[in-house]
Amino acid sequence: QVQLVESGGGLVQAGASLRLSCAASGRTFSTYAVGWFRQAPGKEREFVAAITGSGGGTRYSDSVKGRFTIARDNAKNTVYLQMNSLKPEDTAVYYCAASGKAWYLGEEYNYWGQGTQVTVSS
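Since the structure is predicted, the reported quantities are computational estimates derived from the model, not experimental observations.

Draft legend 1. Summary view of the nonpolar core. Formed by 29 residues in total, the largest nonpolar core has its most connected members in Trp36, Leu81, Met83 and Tyr94. Sorting the residues of this core by element identifies β3 (18–24), β4 (33–39), β5 (46–51), β7 (68–73), β8 (78–83), β9 (92–99) and β11 (116–121) as the ones contributing at least two each.

Right, dumping it as C-alpha cells:
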C-alpha cells in the first residue's frame, strides 16, 4: 500500500506557473504508476496526466498538453506536475493517484491523495 500527499497548490494569476508535488510513502515507489487528476466545482473529476513507474512513459489530456509536464524522482518518492501558462479554467482541486501496475497510463487508480487547491485568477 502507498500513501500520497500533494502540495504546491496556491493562488496565481493567468500565465503564471506552479509545480505540484505528490510525495509517497513506501519503499517500492518505482513499481507504482502515478496519475494527476483535477476536479473543479460542479464538475466531474478529470484526468490530467500520468507517468509510468520508471518515468519512461507519460500521457496527457488534450487540455494540458504542451503546458503541463509530469515527472518523477523515485529516489525522493515524489511525482511532480509542472504547470505553465496557467489559465483560469485550470482552477480546481488537484489530486494525485497511484496504481500498483508500474506500466499503467490509464485513468483508474487504487490510491489517492487528499488534494491541493489551485486557483488561477484572470
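Draft legend 2. Up close: the state of the cysteines. Here the structure, examined in full by the defined rule, presents one disulfide. A sulfur-sulfur separation of 2.1 Å characterises the disulfide bridge that pairs cysteine 22 with cysteine 96. Judged by the torsion about the S-S bond (70 degrees), the cysteine 22/cysteine 96 disulfide is right-handed. Of this pair, cysteine 22 sits in strand β3 while cysteine 96 sits in strand β9, and the two are 74 residues apart along the sequence. The pair formed by cysteine 22 and cysteine 96 is uniform in burial state, with each residue classed as buried.

Draft legend 3. Main features of the environment of glycine 8. Here glycine 8 shows up in the loop between β1 (4–7) and β2 (10–13). In this structure glycine 8 touches Leu18, Arg19, Leu20 and Thr116, once residues within four positions along its chain are discounted.

Draft legend 4. Looking closely at the packing of aromatic side chains. For the structure shown, the criterion picks out six aromatic pairs. With a centroid separation of 4.9 Å and 50 degrees between ring planes, the pair formed by phenylalanine 37 and tryptophan 112 is classed as tilted. Taken together, the residues span a long stretch of sequence, with phenylalanine 37 in strand β4 and tryptophan 112 in strand β10 (residues 111–112) at a distance of 75 residues. Taken together, a centroid distance of 5.4 Å and an interplanar angle of 70 degrees make the contact between tyrosine 104 and tyrosine 109 edge-to-face. As far as burial versus exposure is concerned, tyrosine 104 and tyrosine 109 are alike and both buried. Through a chain of ring-to-ring contacts, the aromatic side chains of Phe37, Phe47, Trp103, Tyr104, Tyr109 and Trp112 assemble into a single cluster. Lying over the aromatic face of phenylalanine 37, arginine 45 brings its terminal NZ or CZ to 5.7 Å of the ring centre. The side chain of arginine 59 reaches across the aromatic face of phenylalanine 47, ending 4.2 Å from its centre.

Draft legend 5. Layout of the pattern of salt bridges. Considering all chains together, one arrives at five salt bridges under this definition. One salt bridge connects glutamate 46 with arginine 38, and the closest N-O pair in it is separated by 2.8 Å. A single salt-bridge network, built from bridges that share partners, covers Arg38, Glu46, Arg67 and Asp90.

Draft legend 6. Inspection of the side chain of glutamate 6 at higher detail. Take glutamate 6: it is sitting in strand β1. It is arginine 45 that comes nearest to the buried, bridge-free glutamate 6 among opposite-charge side chains, at 9.5 Å. A distance of 2.8 Å separates the side chain of glutamate 6 from the backbone nitrogen of cysteine 96, its partner in a polar contact. A polar contact is formed between the side chain of glutamate 6 and the backbone nitrogen of glutamine 114, at a distance of 3.0 Å. Those residues in contact with glutamate 6 that sit more than four places away from it in its chain are Ser21, Cys22, Trp36, Tyr94, Tyr95, Cys96, Gly113, Gln114, Gly115 and Thr116.

Cut-offs applied
The residue numbering used here restarts from 1 in each chain and proceeds along that chain's sequence as written. Only residues with pLDDT of at least 70 get local features here, since the model is predicted, and only at 80 or more are side-chain atom pairs given and counted; chain-wide, interface and lining totals rely on the full set of residues. For side-chain calculations, the full set of non-hydrogen atoms in the structure is used, while hydrogens and water are omitted. The nonpolar core is taken to be a set of buried Ala, Val, Leu, Ile, Met, Phe, Trp, Tyr and Cys residues, with the residues joined through side-chain atoms within 4.5 Å. Throughout this description, buried means an accessible area under 20% of the type-specific maximum (1.4 Å probe, protein chains only), exposed means over 50%, and partly exposed covers the range between. Helical segments are the DSSP runs of H or I of at least four residues, strand segments are the runs of E of at least two, and each set is numbered from the N terminus. Defined by distance alone, a disulfide is two cysteine sulfur atoms within 2.5 Å. In what follows, a contact means two residues having at least one pair of non-hydrogen atoms within 4.5 Å. The pairing test for Phe, Tyr and Trp rings, Trp by its six-membered ring, is centres within 6.5 Å, and the orientation test on the planes gives stacked under 30 degrees, edge-to-face over 60, and tilted for anything in between. Two thresholds decide whether a charge sits over a ring: the Lys NZ or Arg CZ must be within 6 Å of the ring centre and within 35 degrees of the ring normal. Criterion for a salt bridge: a side-chain nitrogen of Lys or Arg within 4 Å of a carboxyl oxygen of Asp or Glu. Asp and Glu count as negative and Lys and Arg as positive, but His and the ends of the chain are not part of the count. Within 3.5 Å is the distance limit for a polar contact, defined as a pair of N or O atoms, with the added protein rule that one can donate a hydrogen and the other accept it, and that residues adjacent in sequence qualify only through two side-chain atoms.

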